[in-house]
Amino acid sequence: MSYATPPGGLPAQSDLQDLRAVFTDAYAVIPRGCMRDIVTSFLPHWESTRAWVIARPLSGFAETFSHYIVEVEPGGGSDRPETDPGAEAVLFVVAGEVSLMLGGQEHLLQPGGYAFVPAGTGWMLNNESDATATFHWIRKKYVGVDGIGKPEAFVTSDADVAAIAMPDTNGTWATTRFVEPNDLRHDMHVNIVTFQPGGSIPFPETHVMEHGLYVLQGKAAYRLNRDWVEVEAGDYMWLRAFCPQACIAAGPEPFRYLLYKDVNRHMPLTL
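Residues numbered from 1 in each chain as written. Predicted model: local features only at pLDDT ≥ 70, side-chain atom pairs only at ≥ 80, totals over all residues. Heavy atoms only, no water.

Q: It is not clear to me how the sheet that holds strand β15 (residues 200-205) should be interpreted in this structure. Could you clarify?
A: Strand-to-strand pairing in sheets goes through backbone hydrogen bonds, with the strands running parallel or antiparallel. Pairing within the open sheet is antiparallel, and its 4 strands lie in the order β15-β20-β17-β18. Of all strands in the sheet, those with a lone pairing partner are β15 and β18 (227-232), marking the two edges. Strand-to-strand twist in this sheet, taken as the mean axis angle between neighbours without regard to direction, amounts to 20°. (Pairing = 2+ DSSP bridges. Helix = DSSP H or I, 4+ residues; strand = E, 2+ residues; numbered from the N terminus. Axes fitted to C-alpha atoms, helices over the stretch in contact; angles between N-to-C directions.)

Okay, structure coming up:
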């Protein structure tokens, strides 16, 4: 598997501007070239670590989640990573390897490694290797439901979960689902969507789920609201609820993205 990572550094003064960056009421595109040293953030209780914050709850932007790309230097990490006891998380490693302590067990996560951390669960993450590690950290305030139990922690990987093809697509459009869609304990899904070259979403999906999409591999033409934009590995897209979306995969390799969406809950009736 191939997974994009932020380029870091700074572009040369002679480089052209990346005019694909856009922020609208319905969607945003953060191209990979914008994820440089100068826009990183530091996190409390993390050592030798920096993060690109690519989505956060904000008026006119993401409402249900935050999304970080976290870079941990050798010897870095945290024994106290989460400061909000109500936050659940998905961790997805894209480079290097990290040691994750979860539920009293140690897990070594390498590229493609995936972990779900329920709200209120203690965990620790450290880079004990001699190379930089990079992972995605998607956080959401868990919404419990009376009479439905809370989800359990689990660790798996992209390689260990089979992608399920969409009907009548001959396998050109498939989704790797790490949680069963009908498991109502979960109020968010973080999946991987894969399109083979030429595969497409053949209609403008318009639905209540908010989306965050990080392109792991390949490139595509992606429809966001009324606009078609070109996206490639390392780009990020945020889609507001009900923002129409579609895509056509292009290029010689699969187009794959890590997808967040909120699911399985009633809609709040107050803002």
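Q: I would appreciate a short explanation of the environment of D25 in the present structure.
A: Locating D25 in the fold gives a position in the loop between β1 (22-23) and β2 (27-30). Sequence spacing of D25 and M237 is 212 residues, and the spatial spacing of their C-alpha atoms is 13 Å. Residues in contact with D25, not counting those within four places in the same chain, are W238 and R240. (Contact = heavy atoms within 4.5 Å.)

Q: I tried to follow the pattern of salt bridges on my own but got confused; where do I start?
A: When the charged atoms of two side chains lie near each other, side chains of opposite charge can form a pair. Applying the stated criterion across every chain, the model contains 11 salt bridges. With a shortest N-O distance of 2.7 Å, D187 and K140 are connected by a salt bridge. Remark: K140 occurs in strand β10 (residues 133-141) and D187 occurs in the loop between β13 (173-176) and β14 (188-195); sequence separation between them is 47 residues. In this pair, the class of D187 matches that of K140, namely buried. One salt bridge connects R185 with D183, and the closest N-O pair in it is separated by 2.9 Å. By sharing partners, the salt bridges in this structure join D18, R20, E232 and D235 into a single network. (Salt bridge = Lys/Arg side-chain N within 4 Å of Asp/Glu carboxyl O. Buried < 20%, exposed > 50% of the residue type's maximum accessible area, 1.4 Å probe, protein only.)

Q: So what exactly am I meant to see when it comes to the nonpolar core here?
A: Soluble globular proteins: nonpolar side chains tend toward being buried together. By size, the foremost hydrophobic cluster in this structure holds 27 residues, and its most contacted members are F65, F92, V190, Y214, L216, Y236 and L258. Those residues in contact with L258 that sit more than four places away from it in its chain are F92, H136, I138, V190, N191, I192, G212, L213, Y214 and L216. (Core = buried A, V, L, I, M, F, W, Y, C linked by side-chain atoms within 4.5 Å.)

Q: What am I meant to see in the packing of aromatic side chains here?
A: Each aromatic ring pair is summarised here by two numbers: the centre-to-centre distance and the angle between the ring planes. Under the counting rule described, the total for this entry stands at 17 aromatic pairs. Ring centres 3.9 Å apart and planes at 15° place the aromatic pair Y114 and F178 in the stacked group. Here F178 lies in the loop between β13 and β14 and Y114 lies in strand β8 (residues 113-117), a separation of 64 residues in the sequence. Here Y114 falls in the buried class, since its relative accessible area comes to 1%. Take F178: its relative accessible area is 10%, and that puts it in the buried class. A connected cluster of aromatic rings, assembled from ring pairs, spans Y3, F92, Y114, F116, F154 and F178. In this arrangement the basic side chain of R139 is found over the ring face of W137, its NZ or CZ atom lying 5.8 Å from the centre. (Phe/Tyr/Trp six-rings, centres within 6.5 Å; stacked < 30°, edge-to-face > 60°. Lys NZ or Arg CZ within 6 Å of the ring centre and 35° of its normal.)

Q: Before we go on, may I ask you to explain the sheet that holds strand β12 (residues 164-165) in this structure?
A: If you walk across this open sheet you meet the 8 strands as β1-β2-β19-β16-β21-β14-β13-β12, and the pairing is antiparallel. The open sheet terminates on both sides in strands that have one partner only, identified here as β1 and β12. With 6 bridges connecting them, strand β16 (residues 211-217) and strand β21 (residues 255-262) associate as antiparallel partners. Residue H211 lies in a different strand from β21, and its bridge partner there is K261.

Q: Is there a simple way to think about unusual backbone geometry in this case?
A: Generally, phi is negative for residues other than glycine and the peptide bonds are trans, each holding for most cases. Its identity as a non-glycine residue notwithstanding, D168 has a phi of 60°, on the positive side. By the element assignment, D168 lies in the loop between β12 and β13. Of note in this structure, N170 is not a glycine but carries a positive phi near 55°. As for its placement among the helices and strands, N170 is situated in the loop between β12 and β13.

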